[in-house]
Amino acid sequence: MLETLKSRFVGDQMKADLLNQIRSGKLIPGNLVLSERKLAENYRISYLSVRRAVDDLVRDGVLYRIPRKGTFVAHPPERRRRNFNGQVIGVISNDLHTQFAATYLDGIERRAAQDRFSMVVCNSRLDSTLESAHLQHLLESGVAGVILESGAPLLQKDLIRLYQTYGVPLVLIDKFCSAVESDYVGVNNFQTALRAVKYLASLGHKRIAHITSHTSHRQLTSIKERFDGFCQALSDCGLDLVPEYVQELKEISVHTEMARLNLHFLGYSAMRVLLELEKRPTAVLLLFDAIACGAYRAIAEAGLRVPQDISLIGIDNDAICDYLKVPLTTMAQPIREIGETAAGIVIDRLSHPEEVFQHRELPTTLIARESCGYIN
């Protein structure tokens, strides 16, 4: 390793030294590189210089980062292992125990089969580190492309860039990464929430609340856009945004797989808070349909009824909507079509890698059921 670097271009010299170590075999693919602070200490240069140099190497596909584990030496594109026959699409779900995942997987499989592709499915279990490991493994294994339902896309920006460096199609679904331009398929979450709130307002509701995600997830694109749509709809309708009318899910519920949650408690506490307000809301937009389970329980315990005392509207059109005591009004996502579209983009990009990235937003549909009523 070099001693103190004295040139003004210290980051470039350190970068050149790391490249020499990789070419000479001192550092091989998969090796963990020293932390950026340790590199700064060893080379006796600033942390910012090291950070910029490592960012360059990640952008060039020489290194890649895995959150909370470190920075590693990447495999050169030409040395990707061919564990698959080139007709396999990798899919990474952040939680396989959801109807959302089951439905888009069905869409992916249907579209892939049309061109004789099969799929291999990974479950990250809401763990960003495991998600990163799946991304790296699929890249090294030689899949034709990957469809990623990421729990935290910003944490995967370096690996998304690495896929692009290798020329391997990667399509994000449900949430996109604002830091990296890439293929994406989802819905317009802003418009979805906007339409849901305006529907409630059309029924005469003026005190409209929103149960959203915990703070730790509030910056995810789908969640933020739904909140922004909620706020815009209130403004468009001349209604006030009451801070107390925005309640969050408990942190444990947004970091726990759906199969391990007790749905009777999902949204229960948030709804309790809303019902205990001196001037309680008359309608609530739920971040997603399953929240209705705990919300209905809290409403019943308070001696109130849906929709006579409070109206609820969700997002997704989960199967649970029809099985609730009062069927839930919702904004239906075309989930199967999202999967089909994502698979089609992967397959098309294999033939046309030079095409510009696509940001596809499919329309949602209002499904009116009995949980929304006119305000008295």
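The rules we used
Residues numbered from 1 in each chain as written. Predicted model: local features only at pLDDT ≥ 70, side-chain atom pairs only at ≥ 80, totals over all residues. Heavy atoms only, no water. Helix = DSSP H or I, 4+ residues; strand = E, 2+ residues; numbered from the N terminus. Buried < 20%, exposed > 50% of the residue type's maximum accessible area, 1.4 Å probe, protein only. Contact = heavy atoms within 4.5 Å. 1 Å grid on protein atoms, 1.4 Å probe; cavity = no way out; pocket = protein on both sides within 12 Å on 5 of 7 lines; lining within 4 Å. Points joined across faces, edges and corners; volume = space filled by probe spheres on them. Pairing = 2+ DSSP bridges. Axes fitted to C-alpha atoms, helices over the stretch in contact; angles between N-to-C directions. Core = buried A, V, L, I, M, F, W, Y, C linked by side-chain atoms within 4.5 Å.

## Topic: the overall build of the protein chain
Here comes step 1: Helix and strand counts for the protein chain stand at 13 helices and 15 strands.
Here comes step 2: Principal-axis analysis of the C-alpha atoms gives the protein chain an extent of 75 × 50 × 35 Å.
Here comes step 3: Residues classed as buried in the protein chain amount to 55% of the 376 residues present.
Here comes step 4: Partitioning the intrachain contacts of the protein chain with sequence separation of at least 6 by distance along the chain shows that 74% fall at a separation of at least 24.

## Here's the deal with empty space enclosed by the protein
Here comes step 1: Inspection of every chain in the model, using the stated rule, returns one cavity of 30 Å³ or more.
Here comes step 2: By volume, the largest cavity is sized at about 30 Å³.
Here comes step 3: Lining the largest cavity are His205, Thr282, Pro307, Gln308, Asp309, Ile310, Ser311, Tyr374, Ile375 and Asn376.

## Overview of the environment of Arg59
Here comes step 1: Mapped onto the elements, Arg59 comes out in helix α3 (residues 47-59).
Here comes step 2: Sequence separation between Arg59 and Leu154 is 95 residues; the distance between their C-alpha atoms is 15 Å.

## Concerning the sheet that holds strand β10 (residues 246-248)
Here comes step 1: Spatially, the six strands line up as an open sheet ordered β10-β9-β11-β12-β13-β15, and their pairing is mixed. Lying at the two open borders of the sheet, with one neighbouring strand each, are β10 and β15 (365-367). The average undirected angle you get between the axes of adjacent strands in this sheet is 20°.
Here comes step 2: Helix-sheet contacts for helix α8 (residues 221-236) involve β9 (208-212), β10, β11 (283-286) and β12 (311-316), and the interaxial angle to β9 is about 175°.

## Description of the nonpolar core
Here comes step 1: Core analysis: the largest hydrophobic core is formed by 34 residues, its most contacted members being Ile211, Met271, Val284, Tyr296, Ile299 and Leu312.
Here comes step 2: When residues in this core are grouped by element, the largest group, six residues, is from helix α11 (residues 292-301).
Here comes step 3: What Ile299 contacts, discounting residues up to four positions off in sequence, is Met271, Leu275, Leu304, Arg305, Val306, Ile310 and Leu312.
Here comes step 4: The next biggest cluster of nonpolar side chains, apart from the first, holds 25 residues, and it includes Leu139, Ile160, Leu170 and Tyr184.

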